[in-house]
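# Close look at the chain arrangement
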Amino acid sequence: ARLLSEAAVIGAIRYGYKHINLNCGCPSDAVSGRSGGAALMKDPHHVANIVNEMKSKLPDDVELSVKHRLSIADVATYDAVHDHQQSDQEAYEDCHKF
C-alpha cells in the first residue's frame, strides 16, 4: 500500500496527473503472478487498505478509481446479478462506500 501511494503521489505532484487508476483487472501471469492486477481481487481488504492509503496521500483534486473484473477464475463471490439490477447512481454510491 505504501509503495503504491508513493507512486500515485509522484504521478500527481511531479507529473500533474489528475486521475489515478488502481488496476485490479489485469489477468496477465506476469502481473497477477506477482500478486498484482487481478490477483488483488483475492484480498479485498488489502485493496481497501491500498485505496485508503492512496486517498490519504493524494491531493484533494486528484481522482482515484479502481479497475476490476466481475470475478477471477478461482474466486467468484461477486454477485453479478445484483450489479446488473443497480442503477448507475446506486453503483456509483456503492463505490464510494468502499
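So, here is what we can say about the structure in this document. Since we're looking at a predicted model, the values are computed, not measured. (Residues numbered from 1 in each chain as written. Predicted model: local features only at pLDDT ≥ 70, side-chain atom pairs only at ≥ 80, totals over all residues. Heavy atoms only, no water.)

### Considering the nonpolar core
- Formed by Ala8, Ala12, Ile20, Leu22, Cys24, Leu40, Val47, Ile50, Val51, Met54, Leu58 and Val62, the largest nonpolar core amounts to twelve residues.
- Among the secondary structure elements, those contributing two or more residues to this core are α1 (2-13), β1 (19-24) and α3 (44-57).
- The greatest single-element share of this core, amounting to four residues, is contributed by α3.
- Excluding anything up to four places from it in sequence, Met54 contacts Leu4, Ser5, Ala8, Ile20 and Leu64. (Core = buried A, V, L, I, M, F, W, Y, C linked by side-chain atoms within 4.5 Å. Buried < 20%, exposed > 50% of the residue type's maximum accessible area, 1.4 Å probe, protein only. Helix = DSSP H or I, 4+ residues; strand = E, 2+ residues; numbered from the N terminus. Contact = heavy atoms within 4.5 Å.)

### Quick notes on the pattern of salt bridges
- Applying the stated criterion across every chain, the model contains two salt bridges.
- Across the pair Glu6 and Arg2 runs a salt bridge, and its minimum N-O distance is 2.9 Å. With Glu6 and Arg2 both in helix α1 and four residues apart, this pair spans about one turn of that helix.
- Take Glu6: its relative accessible area is 37%, and that puts it in the partly exposed class.
- For Arg2, a relative accessible area of 53% gives the class exposed.
- Put simply, Lys18 and Asp61 hold a salt bridge, and the shortest N to O gap is 2.8 Å. Highlighted residues: Lys18 in the loop between α1 and β1 and Asp61 in the loop between α3 and β2 (63-68), separated in sequence by 43 residues. (Salt bridge = Lys/Arg side-chain N within 4 Å of Asp/Glu carboxyl O.)

### Some details on the side chain of Ser5
- Among the secondary structure elements, Ser5 is positioned in helix α1.
- We classify Ser5 as buried; its relative accessible area is 2%.
- A polar side-chain atom of Ser5 sits 2.9 Å from the main-chain carbonyl oxygen of Arg2.
- Residues within four places of Ser5 in sequence aside, it is in contact with Glu53, Met54 and Lys57. (Polar contact = N/O pair within 3.5 Å; in protein donor to acceptor, adjacent residues only side chain to side chain.)

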